[in-house]
Structure formats: C-alpha cells, structure tokens
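Observations on the model geometry
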Amino acid sequence: MISDKATIGKNVQIGSYCVIEDDVVIGDNTVIKNYVELRKGTVVGKNCLIDSRVSSSGDCVIGDHVVVRYDSILARGLKIGDHSYVCPRVMTNNLNTNMEQIGGAHIGKNVFIGTNCVIQHGITIGDNCILGALSYVNKNIPSDEIWFGNPAKFQRKI
C-alpha cells in the first residue's frame, strides 16, 4: 500500500507488501525491499537500500547513501546521517521508562552499527563511529570512536 500523499523519487524500486504512509518521502535511486513499513513523515534520502522487514514508526530522517538491513526497527524521531550502515536487527527506542516519548537517536555520518544493537532514546552517536554487534547503547558516543558491549563501552579512537 502506497499513499497518494507519499513522494517517490525517480528510479525508486519498491518491493511487495510494503506500507508507505502519508508524507513519506523517498529519494531518487533508492531500493525498498519487501514487507517494509514507512510510517507517516519518514524521509529516506537518495541512493539508499532499505532491506526487507524494516519498520519506521514515523518522523524518521534517513540520509543519502544509507543502508538499513533486514528486520531493523527505526523509532519515531530517529535521524541517520549520510553514508551510514545499519546491520540486521538493530532496534532503536524513543520512549523513556515512564513510556514518555523522548525522541529517537541521532546517528552521525559514516557510522557502522553492528547486528542486533539496541540504541536507547535520545542518544547521539557522532560521525565516523563503529558500534559492535550485540551492543546496548545507553550513552552518547563522540565522533571517531569504536564502542561495543552490554552496556557499550569505549574501546578506542579511530
């Protein structure tokens, strides 16, 4: 289902069984695989790959040349910078422990997020960072650093 109020760029490929809601914008040359849900207000840049079963709860901004792999969850208010790579089954959150919407994470440019990472609400991840697989991110991460673990801890500068 693709809303008449969505804006789809040139040469965009959209797979089967996708839900593209009102006010979604998809940039040129982007590929949206099967069973993707992009809720109201989500913006996807140009030359992106959104893999199968990715879900956005709305009002997310995904930069240009971004890859979001299989089964990732993009919480409301999430921002992902250009040239970032999100591995499969990454989950972001926008609610605090009182179930209040705090806002999604802000992920910088050129960031690599490993498989099965969980990124808490309101977190900022700087540019050029690497987050290891299975990490739980509950602190802001400065640019040019590698973090991993549960909870994620600083490992070294890049």
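A brief look at the structure comes next. What you are looking at is a predicted structure, and each value in this text was computed from that prediction instead of being measured.

Let us look at the sheet that holds strand β16 (residues 106-107). Strand order in the open sheet formed by 7 strands is β1-β4-β7-β10-β13-β16-β19, and the pairing between neighbours is parallel. Unpaired on one side and paired on the other, β1 (7-8) and β19 (124-125) mark the two borders of the sheet. Judged from the 2 bridges that link them, strand β7 (residues 43-44) and strand β10 (residues 61-62) form a sheet pairing that is parallel. Bridged to V44 within β10 is I62.

This next bit is on the sheet that holds strand β5 (residues 31-32). Note on sheets: strands pair through backbone hydrogen bonds, and any given pair is parallel or antiparallel. With mixed pairing, the 9 strands of this open sheet are ordered in space as β2-β5-β8-β11-β14-β17-β20-β22-β23. Each having just a single partner strand, β2 (13-14) and β23 (153-157) make up the two edges of the open sheet. Bridge analysis of strand β11 (residues 67-68) against strand β14 (residues 85-86) gives 2 bridges, and the strand direction is parallel. Note on β14: the bridge partner recorded for V68 is V86.

Now for the side chain of T92. With respect to the secondary-structure elements, T92 resides in strand β15 (residues 91-92). When its relative accessible area of 6% is taken as the criterion, T92 is described as buried. Within the structure, T92 has its side chain in polar contact with the backbone nitrogen of A75 (distance 2.7 Å). For T92, the contacting residues outside a window of four places in its chain are I73, L74, A75, L78 and I119.

With that settled, the discussion passes to a nonpolar patch on the surface. On the surface, F112, I130 and I158 cluster together into a nonpolar patch covering about 260 Å² of accessible area. Of note, I158 is situated in the segment after β23. Take I158: its relative accessible area is 55%, and that puts it in the exposed class.

Reading the values: the criteria
- Residues numbered from 1 in each chain as written.
- Predicted model: local features only at pLDDT ≥ 70, side-chain atom pairs only at ≥ 80, totals over all residues.
- Heavy atoms only, no water.
- Pairing = 2+ DSSP bridges.
- Helix = DSSP H or I, 4+ residues; strand = E, 2+ residues; numbered from the N terminus.
- Buried < 20%, exposed > 50% of the residue type's maximum accessible area, 1.4 Å probe, protein only.
- Polar contact = N/O pair within 3.5 Å; in protein donor to acceptor, adjacent residues only side chain to side chain.
- Contact = heavy atoms within 4.5 Å.
- Patch = residues over 30% accessible without salt bridge, like charges linked within 9 Å, V, L, I, M, F, W, Y side chains within 5 Å.
- Areas by Shrake-Rupley, 256 points an atom, 1.4 Å probe, with all protein chains shown as cover.
- Salt bridge = Lys/Arg side-chain N within 4 Å of Asp/Glu carboxyl O.

Purely spatial values, then, with no claim about function.
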